[in-house]
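Coordinate inspection notes
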Amino acid sequence: MPRVLLIVISLLVLQPAGHADETLHLERSESMAKKLYQAYLDKGIGYRPRTEHFNADGTPSYINQLILEDSPYLLQHAHNPVDWHPWSEAAFQKAKQENKPIFLSIGYSTCHWCHVMERESFENLSIAAQLNRDFIAIKVDRESHPDVDEVYMTAVMLMTGHGGWPMSSFLTPEGKPFYGGTYFTPEQFTSLLDQVKKLWVERSDELIAQAEKVADAVAQSNRLRGEAKALDPGVIGQAVKSMQNAFDEIQGGFGQAPKFPREPWLYLLLDQAQRHGDEEALQMLTITLDQMGRGGIYDQVAGGFHRYSTDYEWLVPHFEKMLYNQAHLSRIYLGAWRITGREEFRRIATQTLDYVLREMTAPEGGFYSATDADSEGEEGLFFTWTQDELNTALDQQQASLASALYGVTPSGNFEGRNILHLPQSFTEFAEENQLGLTDLLTQMEEINRILLERRNKRIPPLRDDKIVTAWNGMMITAFAQAADLLDNNSYRDAAIKAADFLWQQNRYKTGHLWRVHLNGQSSIRATQEDYAYLSESFLYLYDLTAEQRWLNRAKELAGAMTERFLDHQQGGFFMNEAESSITGMGRPKDEGSDNAIPSGSSVAIHSLQRLWQRSGELDFRKQTDALIARFAPALEATPISYGYLLSAVADHQHGELGSRAYAGQGGIRIQANTSKAAQQILLNLKIEIPEGWHINSNQPNGKDLIATRLTLAQQLEGWQMGPVTYPKGKQERLAFQQQPLSVYGGEISLQTLLKQLDEEKTETTTLPVELQLQACNDQVCLPPETVTLWVDINQ
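Owing to the predicted nature of the structure, the values given are computational and were not obtained by experimental measurement.

A few points about the overall build of the protein chain
Looking only at helices and strands, one finds 24 helices and 29 strands in the protein chain. For 795 residues, the compact-globule estimate of 2.2 N^0.38 gives 28 Å, and the protein chain sits close to it at 29 Å. The buried share of the protein chain, reckoned over its 795 residues, is 59%. Partitioning the intrachain contacts of the protein chain with sequence separation of at least 6 by distance along the chain shows that 70% fall at a separation of at least 24. When the 71 positive and 103 negative side-chain charges of the protein chain are each reduced to one mean point, those points stand 4 Å apart.

Remarks on unusual backbone geometry
A negative phi holds for most residues other than glycine; trans holds for most peptide bonds. With an omega of 5°, the peptide bond between W165 and P166 qualifies as cis. Assignment of secondary structure puts P166 in the loop between helix 7 (146–160) and strand 3 (167–171). A257 connects to P258 through a cis peptide bond whose omega is -5°. Within the secondary structure layout, P258 lies in the loop between helix 9 (235–246) and helix 10 (263–276). Even without a glycine there, the phi angle at N99 is positive, about 50°. Among the secondary structure elements, N99 is positioned in the loop between helix 4 (89–98) and strand 1 (102–107).

Section: the packing of aromatic side chains
A full pass over the atoms with the stated rule returns 33 aromatic pairs. For the pair F319 and F383, a centre-to-centre distance of 5.8 Å together with 10° between the ring planes defines the contact as stacked. In this pair, F319 sits in the loop between strand 6 (317–318) and strand 7 (321–322) while F383 sits in the loop between strand 10 (378–379) and helix 14 (387–393), placing the two residues 64 residues apart along the sequence. Both rings, one in W503 and one in F538, keep their centres 5.6 Å apart while their planes meet at 70°; by these two values the pair is edge-to-face. In this pair, W503 is assigned in helix 19 (residues 489–505) and F538 in helix 20 (residues 528–545), connecting sequence segments 35 residues apart. An identical accessibility class is assigned to W503 and F538; each is buried. An aromatic cluster is built from W84, F103, F122, F135, F170, F184 and F189, whose rings are joined through pairwise contacts.

Here's the deal with the environment of P317
Along the polypeptide, P317 turns up in strand 6. In the structure, P317 is positioned 451 residues away from P768 in sequence and 39 Å away in space, judged by C-alpha atoms. Setting aside residues up to four positions removed in sequence, P317 forms contacts with G296, I297, H306, Y308, S309, T310, E379 and I419.

Quick word on the confidence of the model for the protein chain
When pLDDT is averaged along the protein chain, the result is 91, and 94% of the positions lie at 70 or above. The model gives residues 1–22 a pLDDT under 50, and that stretch makes 48 contacts with residues more than four places away or in other chains.

Concerning the packing of helix 7 against helix 8 (residues 186–221)
Interhelical geometry of helix 7 versus helix 8 gives an angle of 110° and a closest axis separation of 9 Å. It follows that helix 7 is roughly perpendicular to helix 8 by the angle criterion. The hand of the helix 7/helix 8 crossing is right-handed. Of helix 8, the residues touching helix 7 (which contributes V151, T154, A155, L158 and M159) are V214, A217, V218 and S221. Each residue belonging to the contact of helix 7 with helix 8 can be placed in one class, and the counts come to seven nonpolar, two polar and no charged.

Quick notes on the pairing of strand 15 (residues 521–525)
In terms of strand pairing, strand 14 (residues 512–518) meets strand 15 through four bridges, oriented antiparallel. When the sheet's bridge partners are listed, H517 is paired in strand 15 with S522. Counted along the chain from strand 14 to the antiparallel partner strand 15, the turn is two residues long, and its residue N519 has a positive phi close to 55°.

Details of helix 18 (residues 469–486)
Compared with an ideal rise of 1.5 Å per residue, which puts 18 residues at 26 Å, helix 18 spans 25 Å between its outermost C-alpha atoms and is within 8% of the ideal. With respect to burial, helix 18 is a largely interior element, 14 of its 18 residues being buried. Two residues or fewer past helix 18, D487 is found with a positive phi of approximately 55°.

Examining helix 4
Of all the positions in helix 4, only A91, F92 and A95 are classed as buried. All buried residues of helix 4 lie within an arc of 95° about the axis, which places them on one face of the element. Residues of helix 4 that are exposed and point over 90 degrees away from its buried face: E89, A90 and Q97. Positive backbone phi, approximately 50°, marks N99, located one or two places after helix 4.

A look at the sheet that holds strand 26 (residues 747–756)
Strand-to-strand pairing in sheets goes through backbone hydrogen bonds, with the strands running parallel or antiparallel. Here we have five strands laid out as an open sheet, ordered 18-19-20-26-23, and antiparallel in their pairing. Bordering the open sheet on either side are strand 18 (660–663) and strand 23 (719–721), each of which pairs with just one other strand. Strand after strand, the sheet turns through a mean of 25° between neighbouring axes, direction not considered. Of the pairings in the sheet, the one linking strand 19 (residues 668–677) to strand 20 (residues 680–688) comprises nine bridges and is antiparallel in character. Across the sheet, R669 pairs through a bridge with E688, a residue of strand 20.

Here we look at the pattern of salt bridges
Counting across every chain of the model gives 45 salt bridges. A salt bridge links E30 to K34, with the nearest nitrogen and oxygen atoms 3.4 Å apart. Placement of the pair is E30 and K34 together in helix 2 (residues 30–42), with a separation of four residues, close to one helical turn. Both residues of the pair, E30 and K34, belong to the exposed class. D543 is the salt-bridge partner of R614, the closest N and O atoms lying 2.9 Å from each other. Residue R614 is located in helix 22 (residues 600–615), and its partner D543 is located in helix 20; the two are separated by 71 residues in the primary sequence. We classify R614 as buried; its relative accessible area is 3%. Judged by its relative accessible area of 6%, D543 falls in the buried class. Taken together, the shared-partner salt bridges in this structure form one network comprising D141, E143, D464 and K466.

Observations regarding the environment of Y152
Looking at the element boundaries, Y152 is found in helix 7. It is 65 Å that separates the C-alpha atoms of Y152 and L741, two residues lying 589 residues apart in sequence. Here Y152 is in contact with W87, L104, I106, M167, L171, G175, P177, T583 and M585, once residues within four sequence places are set aside.

Criteria and cut-off values
Residues numbered from 1 in each chain as written. Predicted model: local features only at pLDDT ≥ 70, side-chain atom pairs only at ≥ 80, totals over all residues. Heavy atoms only, no water. Helix = DSSP H or I, 4+ residues; strand = E, 2+ residues; numbered from the N terminus. Rg over C-alpha atoms; globule rule 2.2 N^0.38 Å. Buried < 20%, exposed > 50% of the residue type's maximum accessible area, 1.4 Å probe, protein only. Contact = heavy atoms within 4.5 Å. Lys, Arg positive; Asp, Glu negative; His and termini not counted. Charge placed at Lys NZ, Arg CZ, Asp CG, Glu CD. Phe/Tyr/Trp six-rings, centres within 6.5 Å; stacked < 30°, edge-to-face > 60°. pLDDT = per-residue confidence, 0-100. Axes fitted to C-alpha atoms, helices over the stretch in contact; angles between N-to-C directions. Parallel < 35°, antiparallel > 145°, perpendicular 65-115°, else oblique. Left-handed = near helix turned anticlockwise from the far one by under 90°. Nonpolar A, V, L, I, M, F, W, Y, C, P; charged D, E, K, R; others polar. Pairing = 2+ DSSP bridges. Expected span 1.5 Å × (residues − 1). Arc of directions from axis to C-beta. Salt bridge = Lys/Arg side-chain N within 4 Å of Asp/Glu carboxyl O.

Listed below in structure tokens is the structure:
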């Protein structure tokens, strides 16, 4: 550890806390004071300042510049006695003019320990006086500025070896960090402020030198390792093996407590289980989804997932709910239902989506960001129950059933209260208690309705109402996929309404997006992940609707992303635009590795490869290939860190796993639909061919011509395809062929029967079929293609 940091840390530990001047040192012009007060008045009569400091007339004692911001997290701190500044050039200019170090605090609105530090330190008049006198204090919402968060979190990790929120950093006036940490007690924080101030006055040259070293280390960490190269084909297998080494075979999930869902890993397991019939991947996936769905991390009453579990059993969650978890987990559960046919996975997916529709959707169509863990000053109070509360809400028979099923006891399992969970699955409970499963589920649906109605009368946790472009893109994708798989018009409408809302409100000119929308205003330049996630969502809407506008919009965003965020010298993506940087810390790079959610680079590769398949534009394929090659050294070094990116690699190299595909440079749309007929599956393959183009018929009248043919993609044990019924071809004479050819044009359908020969030998619920075709127009024929579609046989 560098010498200056050792000095600061030793002083923090050894020296007693100082006594700050109680004067708050709030220096601002009369015009600024009036502006802040007017902003407070403009909030309206329903506005409730979050502070413990009020005047006799009920108005807040303090109003700082955060009252002017459009972030719920910043507004929570708008009445702290700390003279907070938002992230802005003006704040750094003030630090330079006054030659003061900067205290940078980064958090988010539903962060429990952020609330604790606010209550203990930022509402403390003595600590506020120290900050206002000796520092320029800047507050940042990490969800609004993920690029800023990434830079300073990297610095804190390099300096201390760990990170988290609230993130607390001390910077030079140029924005370069020389010390950082996370949560500090009031005593630690007071002492730290004293020591940093003393060092800045007496030895600022050492702190500045230290800051330069940290800034250089952060810049070095932003550089992608190695040179672009061909990717080792065994890297996906290595990633799955690494997941096996971390897998909890009893409780599911990976590693020790606290346990996070790790959605990027689950995406890759889902891909491998379907694509290759990987039994070990399927086992890790299904055990994890089973245990999470039965645990307290899942809201058994209302649907939706809490952010993570504090124990290894998935029982006691950190009770905040994030939009991004709902988006990714609903997709994963629905995908798991598709490949296993297990109804509980579909039920959890739809309950989660319905929760978002009911509680996280703005009237105009966007999706809110999160709900807090705390209510009435207690974590989890809103979501937990006592035995008496359950008995009061339900009749005797219902209360008895709910208590037995949800593991409710008089003593509780969480601070004297009960987190509802399922010690047994519904199936196991029904069998043990000699109940019909359908009847049990019907009873529990009514019980949950009553409990939700009763719970909604409680004081709810704070909801973060900001609408984040990237997170909305995730949710649009989830609703579009669900609408497609389940033929659900409510989900379809929600996806389209949100997408149209974002296009109207968060796109301020061609190829330019805002990141955040709140209270009718959009602001903050979008980051690379905003462009990637929204582009991806538009492609799922294109699949769902076949409307060209969604493909065009996806192209616009992908073009803007590669033009303004791609590092054309070293490869990979910058997180922000060049003009968004206001400090000397440079532009942070997205390293491609996944964290709580898939990285912007992973999603960009997904989006670009899907654009190549749907448009036939070669630039998208070249960009996909180049990005995969650029990330190859990192992928091979730690493949487990790149789950979603590796699933994009699999799609790019081996084809997507849906029942829809594209051919003829994206112009030909192919859809596989199935229905059950006795012990057989009727497969209807619908092929839409654009005007001016055709494909050869199954008997094209030429020995060198590629006939249209439908076959099973591989000989799957226990399945057989019957004869295929092809339509009659149309005879056409083309410019390059003297003899008339038999071709298909417009919209055609192929039909066949898929027969299951031995029910006991296969648990397959999707079957790969291959369509061979060649597309031509009157002047040219494209190369022959073989397209793979994955046919659903459990619906």
